[in-house]
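# Coordinates in review
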Amino acid sequence: MTGAEYRLCNVSFDRTIRGKDTRIERELALAVIDLLESNSFIPIGHAGGPYRLRIETADGRLALHIADDGGRHVVSHYLSMTPFRRLLRDYNRICESYYDSMCRPGFERLQAIDMGRRGIHNEAAELLRRRLAAKVNIDQDTARHLFTLIYALIMRNTDHRILLS
């Protein structure tokens, strides 16, 4: 089996609630593209993929449903967002600062904010890797892309913005 078989080939999510913020929708679309372009995704105890990932919300948690390329269920993982609240809140604040700074002079400020954003992003990606480790092994880059996707989905769904409070 080659490493290419342990990857995501499709990502979908509940689209019943449409976002109105074009910035969030753009970030969501880019996160999916980035994730599919390069990822390492290995469900524990499964012979190989590629895999399809469906992300939904369920009782204040994210439900990650994994299927093989033929659509046969492999495993589901329900991810509590409680351990991510501080990181999501901090990430949201720093992203807002970044967007605000883009309109102002001072490249150094923008660069400093971006370094802080990357630090929070890395911390959240590592937490995501640990939280998924019992069901799925992912590398750091895949975790970063997946965290971006989760963040954008939470921001898109106004019912779950409370997680950032």
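Quantities reported herein were computed from a predicted structural model and do not represent experimental measurements.

### Quick notes on unusual backbone geometry
Pro50 follows Gly49 through a cis peptide bond whose omega is 15°. On the secondary structure map, Pro50 appears in the loop between β2 (41-43) and β3 (51-58).

### Some remarks on the side chain of His65
The topology assignment puts His65 in strand β4 (residues 61-68). One polar contact links His65 to Ser76, side chain to side chain, over a distance of 2.6 Å. Discounting chain neighbours no more than four positions away, the residues touching His65 are Arg52, Leu53, Arg54, Glu56, Val75, Ser76 and Tyr78.

### Some remarks on the packing of aromatic side chains
Aromatic ring pairs are described here by two measures, namely the spacing of the ring centres and the angle between the planes. Under the definition given, this model contains three aromatic pairs. For the ring pair Phe41 and Tyr51, a centre distance of 6.2 Å and an interplane angle of 55° mean the geometry is tilted. Here Tyr51 lies in strand β3 and Phe41 lies in strand β2, a separation of 10 residues in the sequence. Taken as a pair, Phe41 and Tyr51 share a single burial class, namely buried. Look at Tyr91 and Tyr151: their rings are 4.8 Å apart centre to centre, the planes differ by 85°, and that puts the pair in the edge-to-face class. Here Tyr91 is found in helix α2 (residues 85-102), whereas its partner Tyr151 is found in helix α4 (residues 140-156), with 60 residues between them in sequence. The two residues Tyr91 and Tyr151 agree in class, both being buried. Three or more aromatic residues link up through ring pairs in this structure, and these residues are Tyr91, Phe147 and Tyr151.

### Notes on empty space enclosed by the protein
If you walk through the whole model with that rule in mind, you get two cavities of 30 Å³ or more. Taken as a whole, the largest cavity spans an internal volume of roughly 40 Å³. Along the walls of the largest cavity sit Phe41, Leu53, Leu64, Ile66, His77, Leu132, Val136 and Leu146, which together make up its complete lining. Across the lining of the largest cavity, the residue classes tally to seven nonpolar, one polar and no charged. Space inside the second largest cavity adds up to approximately 30 Å³. As for the second largest cavity, its lining consists of Arg23, Ile24, Glu27, Cys95, Glu96, Tyr99, Tyr151 and Met155. At the level of secondary structure, the elements contributing two or more residues to the lining of the second largest cavity comprise α1 (22-37), α2 and α4. When grouped by side-chain class, the residues that make up the lining of the second largest cavity number five nonpolar, no polar and three charged.

The rules behind the values
Residues numbered from 1 in each chain as written. Predicted model: local features only at pLDDT ≥ 70, side-chain atom pairs only at ≥ 80, totals over all residues. Heavy atoms only, no water. Helix = DSSP H or I, 4+ residues; strand = E, 2+ residues; numbered from the N terminus. Polar contact = N/O pair within 3.5 Å; in protein donor to acceptor, adjacent residues only side chain to side chain. Contact = heavy atoms within 4.5 Å. Phe/Tyr/Trp six-rings, centres within 6.5 Å; stacked < 30°, edge-to-face > 60°. Buried < 20%, exposed > 50% of the residue type's maximum accessible area, 1.4 Å probe, protein only. 1 Å grid on protein atoms, 1.4 Å probe; cavity = no way out; pocket = protein on both sides within 12 Å on 5 of 7 lines; lining within 4 Å. Points joined across faces, edges and corners; volume = space filled by probe spheres on them. Nonpolar A, V, L, I, M, F, W, Y, C, P; charged D, E, K, R; others polar.

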